[in-house]
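Topology and contacts: notes
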Amino acid sequence: MSGASTALPPRPGPRPRVSIPVPHVSYPLQRFLATEAGGGLLLLIATVLALIWANLPGGGYEQFWHTQASVRVGDAGIDLDLRHWVNDLAMALFFLTVGLEISRELTVGELRRPRAVLAPVLGALGGVIVPALIYVAFNPSPPALHGWGIPISTDTAFVVGVLALFGPRCPDQLRLFLLTLAIADDIAAIGVMAIFYTGGVSAPALVAVLVLTLVLVGLRWARVWQLQAYVVVGMLLWVAVFASGLHPTLAGVIVGLLVPATPVEPEQADRLRFYGRAVLEQADAVRARLAAAAARATVPPNDRLQDALHPVSAFLVIPVFGLANAGVRLDAETLRRAVTSPVTIGIVVALVAGKTIGISLGAALALRTGWGELPGRVRYGHLIGGAVLAGIGFTISLFIADLAFKDPLLQAEAKIGVLTGSLLAAVLGSVALRCLGERLPLCTVDSDEEMPELPTGPWRDPSLGER
């Protein structure tokens, strides 16, 4: 029927009695805010605000973030300053989101295809080893040596945001490569944090961590699909990890990796039809609740939890983290020390040169041996440009700097190195990708390539995987 409307029906629920007018938001702006570029922009704004705030007279920045806040139940409680509440609790949500993404990609995403994975994974491995070695070459002795983990990480939000804003046209395949690389990079960074940046460990609390992890494994094995069970156990796990001496953000990683991501069996769709028809026949609270539960049961718990947390992580947690940690006092004395500091210089060189060399060599090894492949029309030039861009090591780099150094002077030098190296990598990577994007387009078909044949048979959504 040519005259039939293809518009979507109104959102569920009755119209409100009171309608509050809001400014009109254009579709391009909505689409921009819905991407990772929006989160990267908020992180950039928070970083600039933190630097301005930290350099205002009076020292209000550090005074605010050192304000103590306690949560107590009887005699038991947790007493931390605001910065550690952000770094220990709020960042657990960020690492939970990372764990969910890793689990989903390993289960149904790109990381389940070995040839598609090996090039970015070996690139990420090179991008961890080479920057660490470069930093150690500049800082061979303690305490500066302890910061070798600072330049190993790539900031996913900033990289994807810069790629969306300043990268080549049609960057989807390059974005896929860099996202896969960033996921492998996050796995390595999390492992480094867990092994090398953990203090003393409490054995009883560690036993509690193990028991609660086994409970999560049991929930996954029992195919529990309700998120409430994972949330409750995850909260208890955070407390146990905090008490154990391990960094509390590891609780988020554990939960994210263990929340099921496997596709739901098709029978759930039949149940949804049944409960949906029941609501249409007679709408009441019980039938509506059952229909809503049936709808949730058709989507894997991993997807539902990631859908709820990803906006919170990208638009709230990460900007607040940047606001709490990126503030460095840039007076003449601090800058003079940073210019000659092996810590600052080592981080800058490791992020800009180390990431480029390490990722390029690692990925080239996979490609030359035939073990891996680049997605779509991505070429070596795009690979090198993306490797330069991957030198933006912000969130986890600042996070590890806080763990590696207790000396405020070393922390300031490390943060200046992270900020400077990340800025250089962003500028150089953007310029490289812009130039290469014009010479090596990602969205045109070569004249000597034949058009692929159309598939036969009924069309199936490839994102649903094999049934």
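For the structure, check the block above.
Residues numbered from 1 in each chain as written. Predicted model: local features only at pLDDT ≥ 70, side-chain atom pairs only at ≥ 80, totals over all residues. Heavy atoms only, no water.

For side chains of opposite charge, pairing can occur when their charged atoms come near one another. Within the structure shown, the criterion is met by six salt bridges. Asp185 is the partner of Lys355 in a salt bridge, and the nearest nitrogen-oxygen pair spans 2.8 Å. Note that Lys355 is positioned in helix H15 (residues 342-369) and Asp185 in helix H7 (residues 172-196), a separation of 170 residues in sequence. Classification of Lys355 by relative accessible area gives buried; the value is 0%. The salt bridge involving Glu413 is made with Arg337; its shortest N-O contact spans 2.8 Å. Linking Glu413 in helix H18 (residues 408-439) with Arg337 in helix H14 (residues 332-340), this pair joins segments that are 76 residues apart in sequence. Its relative accessible area of 30% is what places Arg337 among the partly exposed residues. (Salt bridge = Lys/Arg side-chain N within 4 Å of Asp/Glu carboxyl O. Helix = DSSP H or I, 4+ residues; strand = E, 2+ residues; numbered from the N terminus. Buried < 20%, exposed > 50% of the residue type's maximum accessible area, 1.4 Å probe, protein only.)

A few words now on helix H9 (residues 227-244). When the terminal C-alpha atoms of H9 are compared, their 25 Å separation across 18 residues agrees well with the 26 Å that a helix rising 1.5 Å per residue should span. All of the buried residues in H9 are Leu227, Tyr230, Val233, Gly234, Leu237, Trp238, Ala240, Val241 and Ser244. Residues of H9 that are buried in the fold lie against strand E2 (76-81), helix H4 (82-107), helix H8 (203-221), helix H10 (249-258) and helix H13 (301-325). One or two residues past the end of H9 sits Gly245, with phi positive at roughly 100°. (Expected span 1.5 Å × (residues − 1). Contact = heavy atoms within 4.5 Å.)

Attention shifts here to empty space enclosed by the protein. Applying the stated criterion across every chain, the model contains one cavity of 30 Å³ or more. Of the volumes computed, that of the largest cavity is approximately 40 Å³. Contributing to the lining of the largest cavity are Thr154, Thr156, Val159, Val160, Leu178, Leu179, Leu181, Ala182 and Ala390. Within the residue set of the lining of the largest cavity, elements represented by two or more residues are helix H6 (156-166) and H7. Looking at the lining of the largest cavity, the element that brings in the most residues is H7, giving four residues. Classifying every residue of the lining of the largest cavity gives seven nonpolar, two polar and no charged. (1 Å grid on protein atoms, 1.4 Å probe; cavity = no way out; pocket = protein on both sides within 12 Å on 5 of 7 lines; lining within 4 Å. Points joined across faces, edges and corners; volume = space filled by probe spheres on them. Nonpolar A, V, L, I, M, F, W, Y, C, P; charged D, E, K, R; others polar.)

In the segment running from Pro142 into Pro143, the intervening peptide bond is cis, with an omega of 0°. Along the chain, the position of Pro143 falls in the loop between helix H5 (114-138) and H6. For Arg223, which is not a glycine, the phi torsion comes out positive at approximately 60°. Mapped onto the elements, Arg223 comes out in the loop between H8 and H9.

Take the layout of surface pockets next. In this structure, the largest pocket occupies an estimated 850 Å³ of space. Among the residues forming the lining of the largest pocket, the class breakdown is 15 nonpolar, 13 polar and twelve charged.

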